[in-house]
Amino acid sequence: MHQLDYLEQEIDMDVATPPTEQVGRKLVREAIEIQAAEGLSNTTVARVLGYSPSVWSQVKNGKYPGNGKELYIRLQHWLRARLLRNETPDTEFVLTRVARYVLTICRRAGAMPTIGLVVTPSGAGKTLALLEHKRRTGHRCIYIQAGECMSTRVALLGEVANKLGMDVAPTSTAAQRYHTVRKKLAEMYAGGAAEPVVILIDEATTLRPDTINMLRNLHDDPACRLAIVLADTWRLGEELAARGRRSLPGGYEQLTSRAGAQYRMAAGDGICQADVTLVADSILAGLGHTRRLPVRSYTALHGHAQEPGALRNVQHRLKAVCDMAETAGARPTYSVSELDFVAPMLGATCVMTHT
């Protein structure tokens, strides 16, 4: 699809200034090109625009006798919505309550410097907040999504070295990589004249005990004073509490006693309605839906956010409705019934009876 300049302005169907006749004709040509490229029927395009197939056929043939200004506004709104949906990432950072806590932990860890712990349920926005802190902080902050492939000292030190702009020999040992990384961190810290490097470790429970202890050693080293944030789901809290479950050199007490910044989301502390509304509105904007939803829809989404998956459920429901509507050639309203109708697409069960 052509990203035309005349689509770059925000459109509100109720107050938009009608496009000029020249721009309107360009909008019609753009819609016709999209229809041909994607094999859309006249019925599908007509439903999206709110007209009958015969009316859209007249428009394509240049014989539409109706209100051209209203037609052009509807075309502009549809094309702008498609452009927004194509350009917007799957997920965007939203400053929710959880995000504020995570950002605060990251800032505090770097300022002290100290070890930070972040424990939230899956889907609460932890990863997006960590990435946002990385974006705001720049080159002195490293984000690593650990996972099983980063669980060992050799692998993690190699990744840290890479993020710091250094090359390490593939055959180098953990001890050799440790001393290389330590020297670089010490240079960047400059004896306390500069801020310490902050390393954000997502999915921290996949790290082996000796890998975690190695990070603690870098933190304790006065030459580099690495600031660390370990983040994961409630598994991380369980691991830290179960001192005998894994053999951590020095014990978990040495780690947790150094954690001067902690945010542990309680199991009963669900996602609040305000955060659900913020996230939903952000996702809807990316889908080209510029109006607020009915209160009942926000309430239904809040209920889904209390299920495993949290805010990801909100994203999945809204995008599933959008996809279903586009396939059917309809304009989604994101009503409670539509949010429930797409449940089977997400592996869930419909609550309502749909006929």
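A brief structural summary.

Thresholds applied
Residues numbered from 1 in each chain as written. Predicted model: local features only at pLDDT ≥ 70, side-chain atom pairs only at ≥ 80, totals over all residues. Heavy atoms only, no water. 1 Å grid on protein atoms, 1.4 Å probe; cavity = no way out; pocket = protein on both sides within 12 Å on 5 of 7 lines; lining within 4 Å. Points joined across faces, edges and corners; volume = space filled by probe spheres on them. Helix = DSSP H or I, 4+ residues; strand = E, 2+ residues; numbered from the N terminus. Nonpolar A, V, L, I, M, F, W, Y, C, P; charged D, E, K, R; others polar. Buried < 20%, exposed > 50% of the residue type's maximum accessible area, 1.4 Å probe, protein only. Core = buried A, V, L, I, M, F, W, Y, C linked by side-chain atoms within 4.5 Å. Contact = heavy atoms within 4.5 Å. Salt bridge = Lys/Arg side-chain N within 4 Å of Asp/Glu carboxyl O. Axes fitted to C-alpha atoms, helices over the stretch in contact; angles between N-to-C directions. Parallel < 35°, antiparallel > 145°, perpendicular 65-115°, else oblique. Left-handed = near helix turned anticlockwise from the far one by under 90°. Pairing = 2+ DSSP bridges. Right-handed = clockwise from strand over helix to strand, strands pointing away. Expected span 1.5 Å × (residues − 1). Arc of directions from axis to C-beta.

**Some points on empty space enclosed by the protein**
- Within the structure shown, the criterion is met by 1 cavity of 30 Å³ or more.
- Every residue lining the largest cavity is listed: Leu157, Val160, Leu185, Ile199, Met214, Leu215, Leu218 and Leu226.
- The set of elements that each furnish at least two residues to the lining of the largest cavity consists of α7 (153-163) and α9 (209-220).
- A per-element tally of the lining of the largest cavity places α9 first, with 3 residues.
- Class assignment of the residues belonging to the lining of the largest cavity gives a composition of 8 nonpolar, no polar and no charged.

**A closer look at unusual backbone geometry**
- Looking along the chain, the bond that leaves methionine 112 and enters proline 113 is cis, with omega of -20°.
- Its place among the elements puts proline 113 in the loop between α5 (97-111) and β1 (115-119).
- Within the chain, alanine 310 stands out as a residue other than glycine whose phi angle is a positive 50°.
- Take alanine 310: it is sitting in the loop between α13 (295-305) and α14 (311-328).
- The buried category is assigned to alanine 310, whose relative accessible area is 4%.

**Overview of the nonpolar core**
- Counting 43 residues, the largest nonpolar core has Val314 and Leu318 as the members making the most contacts within it.
- If we ignore the near neighbours within four places in the chain, the residues touching valine 314 are Val276, Ala280, Ile283, Leu301 and Ala305.
- Membership of the second largest hydrophobic core comes to 34 residues, among which are Leu207, Ile212, Leu215 and Leu236.

**A short note on the pattern of salt bridges**
- Summed over the entire model, instances satisfying the criterion amount to 13 salt bridges.
- With a closest N to O distance of 3.8 Å, lysine 163 and glutamate 159 form a salt bridge. Of this pair, lysine 163 and glutamate 159 are both found in helix α7, 4 residues apart, which corresponds to roughly one turn of the helix.
- Judged by its relative accessible area of 41%, lysine 163 falls in the partly exposed class.
- Its salt-bridge partner being arginine 292, residue aspartate 281 comes within 2.8 Å of it at the nearest N-O pair. Pair noted here: aspartate 281 is in helix α12 (residues 273-286) and arginine 292 is in the loop between α12 and α13, with a separation of 11 residues, a long-range link.
- The structure contains a network of salt bridges with shared partners spanning Glu132, Arg135 and Arg136.

**Comments concerning the packing of α5 against helix α6 (residues 126-137)**
- One can describe the packing of α5 onto α6 by two numbers: an axis separation of 9 Å at closest approach and a directional angle of 45°. With respect to their mutual orientation, α5 and α6 come out oblique. In the packing of α5 onto α6, the handedness of the crossing is right-handed. Side by side, α5 and α6 meet where Ala99, Val102, Leu103, Cys106 and Arg107 of the first sit next to Lys126, Ala129, Leu130, Glu132, His133 and Arg136 of the second.
- A breakdown of the residues in the contact of α5 with α6 according to their chemical character gives 6 nonpolar, 1 polar and 4 charged.

**Examining the sheet that holds strand β4 (residues 227-232)**
- Pairing is parallel across the open sheet formed by 5 strands, whose spatial order is β2-β3-β4-β1-β5. Edge strands, defined here as strands with exactly one partner in the open sheet, are β2 (141-145) and β5 (261-264). Here the average twist between neighbouring strands, direction ignored, is 10°.
- Two strands pair when backbone bridges link them, and strand β3 (residues 198-202) and β4 are joined in this way by 5 bridges, in the parallel orientation. When the bridges of β4 are listed, valine 198 appears paired with alanine 227.
- Across the sheet, α5 is in contact with β1, β3, β4 and β5; its angle to β5 comes to roughly 160°.

**Some words on the pairing of β4**
- In terms of burial, β4 is a largely internal element, 6 of the 6 residues being buried.
- The side-chain alternation of β4 yields two buried faces, one formed by Ala227, Val229 and Ala231 and the other by Ile228, Leu230 and Asp232.
- Judged from the 5 bridges that link them, β1 and β4 form a sheet pairing that is parallel. The partner of glycine 116 across the bridge, within β4, is valine 229.
- Traced from β3 through α9 to β4, the parallel crossover comes out right-handed.

**Remarks on α5**
- Taking 1.5 Å per residue as the helical rise, α5 with its 15 residues ought to reach 21 Å, and the 21 Å between its terminal C-alpha atoms agrees with that figure.
- Of all the positions in α5, only Val98, Ala99, Val102, Leu103, Ile105, Cys106, Ala109 and Gly110 are classed as buried. Along the axis of α5, the buried positions cluster into a sector of 155°, meaning they face one direction only.
- Considering only its buried residues, α5 is in contact with β1, α6, β3, β4, β5 and α12.

**Describing the packing of α12 against α13**
- Relative to each other, α12 and α13 sit at 105°, their axes nearing to 9 Å. In terms of orientation, α12 and α13 fall into the roughly perpendicular class. Taken together, the residues of α13 that come into contact with α12 (itself represented by Gln273, Val276, Thr277, Ala280 and Asp281) are Tyr298, Thr299, Leu301, His302 and Ala305.
- Partitioned by chemical class, the residues of the contact of α12 with α13 number 5 nonpolar, 4 polar and 1 charged.

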